[in-house]
Amino acid sequence: MDFNLTQEQQQIREEIRKVCKEFPDAYWRAIDGKKDYPEAFVRKLSDLGWLAALIPEEYGGTGLGITEASIILEEINHSGGVATACHAQMYTMGTLLRHGNDEQKKRYLPKIATGELRLQAFGVTEPDAGSESTRIQTAAIRKGDRYIVNGQKIFISRVLQSDLMLLLARTTPYNELKDKTRGLSVFIVDLKTNKSKIDVKPLDLMINHHTNALFLDNVEVPVENLIGEEGMGFRYIIDGWNAERILVAAEAVGDGRWFVERAAKYASERNVFGRPIGANQGVQFPIAKAYANIEAADLVRYQAATKFDRKEKCGAEANLAKYLASEAAWEAANACLTTHGGYGFATEYDVERKFRETRLLTIAPVSNNLVLAYLGQHVLGMPKSY
Ligand SMILES: Cc1cc2nc3c(=O)[nH]c(=O)nc-3n(C[C@H](O)[C@H](O)[C@H](O)COP(=O)(O)OP(=O)(O)OC[C@H]3O[C@@H](n4cnc5c(N)ncnc54)[C@H](O)[C@@H]3O)c2cc1C
């Protein structure tokens, strides 16, 4: 099913499929096995301009909408790859684009568009704050023409693969605030000039995600790298949530399609008890059910993306899409693994790798519990639950 895609959108899908064919299962399997970074893949996408989809043409990007950007990420996952390796290069700059000043945009966006500068790191989460981002403690204190930043972050991805990091830090102590969503600010941190001041400790995780704990020790950020107004950072971050949720939903749809296609193929080819295992409803129906849920989630994803591109309110649709697609992908992952029996655990089938990768989408960048809390409170009008 496709949601009345334009010819240009269909063409983008075909172009991405072509690029992804150059990076088959074996490429991703080897990267995963060695916990490498898919440098060649990310370089190729950058060189072709696909990661600059959301950067306006005046800054050297391709000026596409969220619908097109979501198709790009969907097809990466649909091909067997993992878009989380590069999706941040596409959308982290959104905060700069929406809230940065002209000088900042001219300084950074053209180089982000070409990939000369990588802005793939986004430092929000802290060990003692977790999902409650307004509780972060990393402090940025202004001293003359710079801010001095000290603190600790956890689960910050692709710091070692980035030149720049978008950082959320506290500029007013929590107990001095009336409105607890104020007092946080967003900065562009130059990771290269601050190399000796940021201790990056890679985390050993279930998936190959290049994620780290960070210890910031007198990191220096020039005042001209403050984005927007001091104290408004949390609001600026929230402004990017709908885009992120729509893009993650599309990645989940891509994963879901990969699982369903692999499962249906294997179920049709694998013979046990003298017939294809897919001839048994116990095998066939979970795959068909996962397919139904993926297709339904996809419609909501396009609904959200269309509203976003029309600049209409889309918080409800973006959250619904993220929730439905990530849960449907996880359902499809389980159906696919079960269908493959013991072979589902063999790395050469790629099912176990994709199974691990897609599970993340129910937890990060935002846990589905908090997505449900949004729906409960903001869409259904129930009391705040957190
Ligand atoms: C691989 C990976 C990459 C990541 N990359 C980044 C990154 O680049 N930058 C970054 O800033 N962060 C990143 N994160 C962090 C991620 O955004 C957080 O892990 C996530 O938001 C949840 O925070 P937490 O882990 O502290 O869980 P907690 O906040 O401790 O929550 C634990 C569980 O309790 C649930 N919970 C908590 N409060 C409530 C409530 N009131 N009601 C219902 N349920 C609740 C949560 O939903 C969750 O399921 C990454 C995480 C992972 C695993």
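Everything quoted here is computed from the prediction, not taken from an experiment.

(A) Structural detail: the overall build of the protein chain. Helices and strands together make up the secondary structure of the protein chain, namely 13 helices and 10 strands. Looking at the 386 residues of the protein chain, the share that counts as buried comes to 53%. The positive charge centre, built from 48 side chains, and the negative charge centre, built from 50, are 2 Å apart in the protein chain.

(B) Spotlight on helix α2 (residues 25–34). All of the buried residues in α2 are Asp25, Tyr27, Trp28, Ile31 and Asp32. Along the long axis of α2, the arc covered by the buried residues comes to 165 degrees, so they all point the same way. With respect to the buried face of α2, the exposed residues turned more than 90 degrees away are Gly33 and Lys34. In the core, the buried residues of α2 are packed alongside α3 (39–47), α9 (241–269) and α12 (351–360). Following α2 by one or two positions, Lys35 adopts a phi angle in the positive range, close to 55 degrees.

(C) Main features of the site of the ligand. Around the ligand, 19 residues are found, and the nearest of them are Phe122, Thr125, Ser131, Phe155 and Ser367. Note that an oxygen atom of the ligand is positioned 3.0 Å from one of the backbone N or O atoms of Val124. Between Phe155 and the ligand, the recorded distance is 2.8 Å, taken from a backbone N or O atom to a nitrogen atom. Considering the ligand on its own, with 960 Å² of exposed area, one finds that the protein chains cover 66% of that surface.

(D) Focus on unusual backbone geometry. At the junction of Ala364 and Pro365, the peptide bond is cis and its omega measures out at 5 degrees in the coordinates. With respect to the helices, strands and loops of the structure, Pro365 is situated in the loop between α12 and α13 (368–379). Its identity as a non-glycine residue notwithstanding, Phe155 has a phi of 60 degrees, on the positive side.

(E) Spotlight on the side chain of Lys153. Position of Lys153 among the secondary structure elements: in strand β3 (residues 146–157). Lys153 gets classed as buried once you look at its relative accessible area, which sits at 0%. Among the polar contacts listed, one links the side chain of Lys153 to the backbone oxygen of Gly123, at a separation of 3.5 Å.

(F) The arrangement of the nonpolar core in detail. The biggest cluster of nonpolar side chains holds 61 residues, and the ones touching the most others in it are Phe41, Leu45, Leu54, Ile55, Ile72, Ile76 and Ile112. The biggest single contributor to this core is helix α4 (residues 66–78), with six residues. If you look at the next biggest cluster of nonpolar residues, it comprises 18 residues, including Ala140, Val149, Leu167 and Leu226.

(G) How the structure looks around the packing of aromatic side chains. Applying the stated criterion to the full structure yields 10 aromatic pairs. Judged by centre distance (5.1 Å) and plane angle (80 degrees), the rings of Phe23 and Phe41 are edge-to-face. Here Phe23, found in the loop between α1 (7–21) and α2, pairs with Phe41, found in helix α3; they are 18 residues apart in sequence, far enough to count as distant. Ring centres 5.5 Å apart and planes at 50 degrees place the aromatic pair Tyr343 and Tyr349 in the tilted group. Taking relative accessible area as the criterion, Tyr349 reaches 27% and is therefore assigned partly exposed. Here the basic side chain of Arg301 rests over the ring of Tyr302, its NZ or CZ set 4.1 Å away from the ring centre.

(H) Structural view of the packing of α1 against α4. Between α1 and α4, the shortest axis-to-axis distance is 9 Å and the interhelical angle comes to 30 degrees. It follows that α1 is roughly parallel to α4 by the angle criterion. The hand of the α1/α4 crossing is right-handed. Note on element contacts: α4 touches α1 through Thr67, Glu68, Ile71, Ile72, Glu74, Glu75, Ile76 and His78, opposite Gln9, Ile12, Arg13, Ile16, Arg17 and Cys20. A class-by-class count of the residues in the contact of α1 with α4 yields six nonpolar, three polar and five charged.

Criteria and cut-off values
Residues numbered from 1 in each chain as written. Predicted model: local features only at pLDDT ≥ 70, side-chain atom pairs only at ≥ 80, totals over all residues. Heavy atoms only, no water. Helix = DSSP H or I, 4+ residues; strand = E, 2+ residues; numbered from the N terminus. Buried < 20%, exposed > 50% of the residue type's maximum accessible area, 1.4 Å probe, protein only. Lys, Arg positive; Asp, Glu negative; His and termini not counted. Charge placed at Lys NZ, Arg CZ, Asp CG, Glu CD. Arc of directions from axis to C-beta. Contact = heavy atoms within 4.5 Å. Near = heavy atom within 4 Å. Polar contact = N/O pair within 3.5 Å; in protein donor to acceptor, adjacent residues only side chain to side chain. Areas by Shrake-Rupley, 256 points an atom, 1.4 Å probe, with all protein chains shown as cover. Core = buried A, V, L, I, M, F, W, Y, C linked by side-chain atoms within 4.5 Å. Phe/Tyr/Trp six-rings, centres within 6.5 Å; stacked < 30°, edge-to-face > 60°. Lys NZ or Arg CZ within 6 Å of the ring centre and 35° of its normal. Axes fitted to C-alpha atoms, helices over the stretch in contact; angles between N-to-C directions. Parallel < 35°, antiparallel > 145°, perpendicular 65-115°, else oblique. Left-handed = near helix turned anticlockwise from the far one by under 90°. Nonpolar A, V, L, I, M, F, W, Y, C, P; charged D, E, K, R; others polar.

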